[in-house]
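Chains, contacts and geometry: an overview
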Amino acid sequence: MQEISYIKVDEKVKLDCLIDSIRSLTEEEFISLDTEFVRINTLFPILGLLQLKLKNKTYLVDPVALDIKDLIRVLTETKAAVLIFSGDEDLEILVKIAQDNGFNALLPQKVYDLQLLAAFDNFLYGKGLNAFVKELVGADLEKDCTRTDWLARPLSENQLIYAALDVEYLEEMYKLLYKRLDEKRFSYFLAEMEIKKADADIIYDPKTAYRQVKGAGLLKNDALTRLQYLCQKRLEFALEHDVALNHVITTGALCDVAKDSPLTSQGLASCGVKWGAIRQHGAMIIEWVKESLTLQERSDLPLPINYFAHQRELKDAFKRLKRYLEKCAHEAGIAPELLAAKKYIYDYFLKRHLNEVPYLEESWRKDVAVNLDALHLPKV
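Residues numbered from 1 in each chain as written. Predicted model: local features only at pLDDT ≥ 70, side-chain atom pairs only at ≥ 80, totals over all residues. Heavy atoms only, no water.

Topic: the sheet that holds strand E3 (residues 46-54)
Put simply, the rule reads: Strands qualify as paired when DSSP identifies two bridges or more between them. Numbering goes from the N terminus for both helices and strands, where a helix is a DSSP run of H or I of at least four residues and a strand is a run of E of at least two. The angle between two axes is taken between their N-to-C directions and runs from 0 to 180 degrees, where each axis is a line fitted to C-alpha atoms and a helix contributes only its stretch in contact.
Taken in spatial order, the six strands line up as E1-E4-E3-E2-E5-E6 in an open sheet, and their pairing is mixed. Edge positions in the sheet fall to strand E1 (7-9) and strand E6 (111-113), since each has one partner strand and no second. The mean angle between the axes of side-by-side strands here comes to 25°, regardless of whether they run parallel or antiparallel. Note that strand E5 (residues 81-84) and E6 share three bridges and pair parallel. What sits directly across from Leu83, in E6, is Tyr112.

As structure tokens, then:
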């Protein structure tokens, strides 16, 4: 295992010293941040370890041994730039702690996700931290603790080194990636980070949860009415009990349950509901199905997000838009996926149908994906 020095923060006096160090940082300095968490049975991730590196010192903060709310507060107030890598769940964890404690700010003012930063140079799109460290720094990370239970104590030396390595090279990599970008693409990155930060403040709306379900756009109004109800009840239960959604009803089974309305355990299983969920929640799910069958069919429900993904007559329009967006991305020197991902294409047709502004016509994307009207795409 690679050798690396770190400070284990599992006593209040050490935590207070770390908080003071963060308070002293200026806007020209950096904090590298990563989290280790457990999210198997729960809706919300449970923080098991918080890794920070600042002023060339690495800190492994134990949230099992300490109340770290004051540390999170000072992170939301810092002038320094906070560096993360593929950090959607890191941001989600910080937001949840900030919300639970009533902080004014939910995230640091400056947060830079290096995986996203690299995408604005069309560099190693979607690759993991190991690939970035090897390509940019020339080091190999030893990552052999991926199945660790980060809530178990004590953590081994190998586990702690594994965690410390996640923040070891972030500042060095940021400075190398920053040099690769011109001012315009860096401004696009900053705008996209604001979108990412806003997305981290997840708004759980049980009444509209059905809109995210794959396949919902294929359902007729009666089944869609039942799907809306089932998704609402599932999310309400998950929020109340902090249980993973798939542990209540498997997401992939929802549309079949809505269509077939099974009223037995075997019927639920034939729709794809896992037997573990049936044993624990089967009676409750069947009751939800019964209740959904009494609902008046609705034709006023907002369309599912992927509704137009299932319209065969749009297949050619999808391809033309995708090719054009890939061309725009190439000319801008950014990863094509930042523009031409399916979610942006489907959103474009849905938002035009609803007379709303698509993602492709907001923020930095409207500067890159120009003259979309010239494609003469059908409005459905």
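Here's the deal with the environment of Leu377
To be explicit about the condition: Here the term buried applies to any residue with accessible area under 20% of the maximum for its type, exposed to any over 50%, and partly exposed to those in between, with areas from a 1.4 Å probe on protein chains only. Contacts are assigned to residue pairs that have any heavy atoms within 4.5 Å of one another.
In this structure, Leu377 sits in the segment after helix H16 (365-368). By relative accessible area, which is 8% here, Leu377 ends up buried. Separated by 40 residues in sequence, Leu377 and Glu337 have C-alpha atoms that sit 20 Å apart. Discounting residues that sit within four places of it in the chain, Leu377 has contacts with Ala317, Arg320, Leu321, Tyr348, Phe349 and Arg352.

Description of helix H13 (residues 315-332)
Where we set the bar: A helix is expected to reach a length of 1.5 Å times the quantity of its residues less one.
Here H13 is 18 residues long and its end C-alpha atoms lie 26 Å apart, about the 26 Å a rise of 1.5 Å per residue gives. With its phi angle positive at about 80°, Gly333 sits one or two positions after the end of H13.

Looking at a nonpolar patch on the surface
The line we're drawing: Note that patches include only residues with greater than 30% relative accessible area and no salt bridge, and the join distances are 9 Å for like charges and 5 Å for nonpolar side chains (Val, Leu, Ile, Met, Phe, Trp, Tyr). Here the Shrake-Rupley method, with its probe set to 1.4 Å, supplies the accessible areas, and only the displayed protein chains count as covering residues. Salt bridge, as used here: a side-chain nitrogen of Lys or Arg that lies within 4 Å of a carboxyl oxygen of Asp or Glu.
There is a patch of nonpolar side chains on the surface, built from Ile46, Val64 and Leu151 and spanning about 210 Å² of accessible area. Inspection of the secondary structure assignment puts Leu151 in the loop between helix H5 (129-137) and helix H6 (157-168).

Description of the side chain of Arg352
Keep this limit in mind: Only four residue types enter the tally: Lys and Arg on the positive side, Asp and Glu on the negative side, with His and both chain ends excluded.
Among the secondary structure elements, Arg352 is positioned in helix H15 (residues 342-353). This buried residue, Arg352, is left without a salt bridge; Asp373 holds the nearest opposite charge, at 5.3 Å. Once you skip the residues sitting within four places of it in the chain, Arg352 turns out to touch Pro358, Leu377, Pro378 and Lys379.

With respect to the environment of Ala277
In this fold, Ala277 is placed in helix H12 (residues 275-293). The class of Ala277 is buried, set by a relative accessible area of 6%. Residues Ala277 and Val248, 29 residues apart in the sequence, show an inter-C-alpha distance of 5.6 Å. Setting aside its immediate chain neighbours within four residues, Ala277 contacts His247, Val248 and Gly282.

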